[in-house]
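A structural walkthrough
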Amino acid sequence: MPTTNTSGRRKTAVARVYLNEGAGALTVNGKDYKEYFPTLPLQYVATQSLLVSGSEGKFDIIANVAGGGVKGQAEAVRLAIAKAIVELDAEKKPALRAKGLMTRDDRMVERKKPGRRKARRKFQFSKR
């Protein structure tokens, strides 16, 4: 019975995924993924790696996610699942890479600078 665990990150969210052979249950932080990610786009993002690789219904997945918001968490889960699938079957890597699911999106929020209102936004200019 193949089993593997990997991690995925996006923004400040970190997902640890445990992939076991099974009926296709996806559990995120002890809840069903449809309960944890309430909107359809987030549910699609979380399961996108399974759909692209044709592995839906073959694995039971347990994901532990921490940090960030729900969008970043969904994308972290997506990356972790993709990495786990490739670990078990390397032939699925080209299909996942073609959809951009094997690449860690390293974009982060830019820090606030001193003397500014936000990262780039300056304070309102007053002529008089």
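This text goes with the structure placed above it.
Residues numbered from 1 in each chain as written. Predicted model: local features only at pLDDT ≥ 70, side-chain atom pairs only at ≥ 80, totals over all residues. Heavy atoms only, no water.

1. Some details on the packing of aromatic side chains
The tally for this structure, following the rule as stated, stands at one aromatic pair. Taking the centre distance of 5.1 Å and the plane angle of 90° together, the rings of Y36 and F37 count as edge-to-face. For Y36, a relative accessible area of 18% corresponds to the buried category. Relative accessible area serves as the criterion here: at 0%, F37 is assigned to the buried category. (Phe/Tyr/Trp six-rings, centres within 6.5 Å; stacked < 30°, edge-to-face > 60°. Buried < 20%, exposed > 50% of the residue type's maximum accessible area, 1.4 Å probe, protein only.)

2. Observations concerning the pattern of salt bridges
All chains considered together, the criterion is met by six salt bridges. Note that R10 is salt-bridged to E75, the shortest N-O span being 2.7 Å. Note that R10 is positioned in strand β1 (residues 3–10) and E75 in helix α3 (residues 70–88), a separation of 65 residues in sequence. In terms of burial, R10 and E75 fall into one category: buried. Of the charged contacts in the structure, one is a salt bridge between D105 and R107, with a shortest N-O distance of 2.8 Å. One network of salt bridges, in which partners are shared, links R10, K71, E75, D105 and R107. (Salt bridge = Lys/Arg side-chain N within 4 Å of Asp/Glu carboxyl O. Helix = DSSP H or I, 4+ residues; strand = E, 2+ residues; numbered from the N terminus.)

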